[in-house]
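The residues making up each chain are set out below.
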Amino acid sequence: MSGALTSAACAAAFLMTAVTAVPLKRLALRWGMTDRPGGHKAHKRATPYLGGVGIALVTVLTTVAGGGLADLRLTAILLAATAVAALGLIDDIAALPAVTRLTVEAVGAVGVVLAGVELTVTGGWADGPLTVVWIVVVTNSYNLLDNMDGALGAVTAVSAAFLAVVAFLRGEAAFGLFLVVLAGAALGFLPHNWAPARMFMGDTGSLFIGFGLTCSAIVLVTGRGPDTTVAGLLLPAFVAIVDTGVVVFSRVRAGRSPLSGGTDHVSHRLRRLGFDTRLVAVVLGLTAGLAGALCTAMVLGLVPPLAAAIVAAVTALAAIGLFQGVHVYAPRRSFENPPRIRERRR
């Protein structure tokens, strides 16, 4: 696949996503498909959804136009990711039970496994279920990462670009094209989602992105050694995995449900440390870039796979632990020692 075709596909995805976001935003406003502030949500005004519809449609159509459907694995991923995106659209309109969401995602994951997208960890029957679980968990990690203006868009653009380089180095040109197109689509949507966001991608976009990136990473480590597999799975999804680890661990420690919403993600903790919204998106994007660069260096043979795997795992665990020190939960009131009432307000 020529570099000219790849560049043209990326540019086309960028332009089409940027342009189609405008009518989709108007449509969302007309249909009342907006995310209203309140509860644990941090935004201040009603913001239209449907940005993810543009990302998904442009990515699928551009990929098919540029490379066709010759690769069965990629075809299965595109079909399953589209189904998961449709699930996200329904969830954006009317919240679905968690069981329904997980079931549909698992069915999509089973479909891509049957098409040949499978981890080769044990070399036996357990690889199939393990792949399904990994796809579902990491897909939802990307969904959780979509919690602040520009965050997921920046991470997606950078992660997809580096993963595309890995795909081309591995000889997986079809996946390289898909990932380049996805990066272009994410960049095209980013101006609409940059703080202060005028549009959200919603679950439609975050689930599509998560499913596509996760399955692509699996394809690129299939048949490799355990150290390469660990590094090749952790590094492309590093930011999403750390964010989920921080949230789940902190909620369990605080006696809260891991499935509940909240402003306790990595992005919110960075805000607590004094970063503004745009800087948070930049920091997350740069972090994804460092992880992607390490993964690319490993594929080029510049870094041993075992060293890359150790760095990825240790850094992730350290980040999850360090972010626990940023307090995001309000202290619970004690009825035994009620707070004193101040005589005057400041």
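Now for a look at the structure at hand. (Residues numbered from 1 in each chain as written. Predicted model: local features only at pLDDT ≥ 70, side-chain atom pairs only at ≥ 80, totals over all residues. Heavy atoms only, no water.)

Concerning the overall build of the protein
Here is the rule we go by: Counting from the N terminus, the helices are the DSSP runs of H or I reaching at least four residues and the strands are the DSSP runs of E reaching at least two. As a reference, a globule follows 2.2 Å times the number of residues to the power 0.38, and the radius of gyration itself is taken over C-alpha atoms. Residues are treated as being in contact if the distance between any of their heavy atoms lies within 4.5 Å.
Helices and strands together make up the secondary structure of the protein, namely 13 helices and two strands. Against the globule reference of 20 Å for 346 residues, the protein gives a C-alpha radius of gyration of 20 Å, in line with a compact fold. Its C-alpha atoms give the protein principal-axis dimensions of roughly 75 × 50 × 35 Å. Sequence separation of 24 or more characterises 73% of the internal contacts of the protein that already satisfy a separation of 6 or more.

Digging into empty space enclosed by the protein
Spelled out, the test is: Cavities and pockets are defined on a 1 Å grid built over the protein atoms alone: a cavity is a set of grid points where a 1.4 Å probe fits but cannot escape, while a pocket is an open set with protein on both sides within 12 Å along at least five of seven lines, and lining residues are those with an atom within 4 Å of any such point. Grid points are joined across faces, edges and corners, and a volume is the space filled by probe spheres set on the points. Residue polarity follows a fixed list, in which Ala, Val, Leu, Ile, Met, Phe, Trp, Tyr, Cys and Pro are nonpolar, Asp, Glu, Lys and Arg are charged, and the others, Gly among them, are polar.
If you walk through the whole model with that rule in mind, you get four cavities of 30 Å³ or more. Approximately 60 Å³ is the volume attributed to the largest cavity. In this structure, the largest cavity is lined by Trp134, Val138, Tyr142, Ser159, Leu163, Leu213, Thr214, Ala217, Leu233, Pro236 and Ala237. Mapped onto the lining of the largest cavity, the elements with two or more residues apiece are helix 5 (127-145), helix 6 (151-169) and helix 8 (202-221). Of the residues in the lining of the largest cavity, the class split is nine nonpolar, two polar and no charged.

Quick look at the layout of surface pockets
Estimated volume of the second largest pocket: approximately 180 Å³. The wall of the second largest pocket is formed by Phe238, Val239, Val242, Val266, Leu270, Val283, Leu284, Thr287, Thr315, Ala319 and Phe323. Elements represented by at least two residues in the lining of the second largest pocket include exactly helix 10 (238-253), helix 11 (266-272), helix 12 (277-299) and helix 13 (305-323). The class makeup of the residues in the lining of the second largest pocket is nine nonpolar, two polar and no charged.

What about the packing of helix 3 (residues 72-93) against helix 4 (residues 98-114)?
Helix packing geometry: the angle between the two helix axes and the distance between the axes. This is how the line gets drawn: Here an axis means a line fitted to C-alpha atoms, over the contact stretch when the element is a helix, while the angle between two N-to-C directions is reported on a 0 to 180 degree scale. Orientation labels follow simple angle bins: below 35 degrees gives roughly parallel, above 145 gives roughly antiparallel, 65 to 115 gives roughly perpendicular, and whatever is left gives oblique.
Where helix 3 meets helix 4, the axes come as close as 8 Å, and the angle between the chain directions of the two elements is 170°. It follows from the interaxial angle that helix 3 and helix 4 lie roughly antiparallel. Here Ala76, Ile77, Ala80, Val84, Leu87 and Asp91 of helix 3 lie close against helix 4, whose contacting residues are Arg101, Val104, Glu105, Gly108, Gly111 and Val112. A per-class count over the contact of helix 3 with helix 4 returns seven nonpolar, two polar and three charged.

Observations regarding the pattern of salt bridges
Which entries qualify depends on this criterion: The term salt bridge refers to a pairing of a side-chain nitrogen on Lys or Arg with a carboxyl oxygen on Asp or Glu at a separation within 4 Å. Throughout this description, buried means an accessible area under 20% of the type-specific maximum (1.4 Å probe, protein chains only), exposed means over 50%, and partly exposed covers the range between.
A complete count under the given rule lists five salt bridges for this structure. The partner of Arg73 in a salt bridge is Asp71, with the nearest N and O atoms 2.9 Å apart. Taking the shortest distance from any N to any O, the salt bridge between Asp264 and Arg251 comes out at 2.8 Å. Taken together, the positions of Asp264 in the loop between helix 10 and helix 11 and Arg251 in helix 10 put the pair 13 residues apart, joining distant regions of the chain. The class for Asp264 is buried, based on a relative accessible area of 2%. Since its relative accessible area comes to 2%, Arg251 is described here as buried.

As for helix 13
Note the threshold: An expected span of 1.5 Å times one less than the residue number is assigned to each helix. In this description, one arc is meant: the one made by directions from the helix axis to the C-beta atoms.
If you check helix 13, its first and last C-alpha atoms are 27 Å apart, about what 19 residues at 1.5 Å a residue would give, namely 27 Å. Ala308, Ala309, Ala312, Ala316, Ala319, Ile320 and Phe323 are the residues of helix 13 that are buried. Angular distribution of buried residues about the axis of helix 13 spans 110°; they occupy a single face of the element. Exposed and facing more than 90 degrees away from the buried side of helix 13 are Leu306, Val314, Leu317 and Leu322. Summarising the contacts, the buried residues of helix 13 are in contact with helix 9 (226-234), helix 10, helix 11 and helix 12.

Things to note about the side chain of Thr228
Here Thr228 shows up in helix 9. You can call Thr228 buried: its relative accessible area is 11%. Apart from residues no more than four positions distant in its own chain, Thr228 is found in contact with Arg170, Val221, Met298 and Pro305.

A short note on the side chain of Glu105
Heads up, the rule is: Positive residues here are Lys and Arg, negative ones are Asp and Glu, while His and the chain termini are left out of the count.
Inspection of the secondary structure assignment puts Glu105 in helix 4. Although Glu105 lies buried, it forms no salt bridge, and the closest oppositely charged side chain, Arg101, sits 4.1 Å away as judged by the N-O distance. The residues touching Glu105, leaving out its near neighbours within four places in the chain, are Val84, Leu87, Val136, Asn140, Leu207 and Phe211.

A few points about unusual backbone geometry
Residues Ala195 and Pro196 are joined by a peptide bond in cis, for which omega reads -5°. Here Pro196 shows up in the loop between helix 7 (173-193) and helix 8. The phi angle at Leu50 is positive, at roughly 80°, despite the residue not being glycine. Turning to its location among the elements, Leu50 is positioned in the loop between strand 2 (47-48) and helix 2 (51-67).

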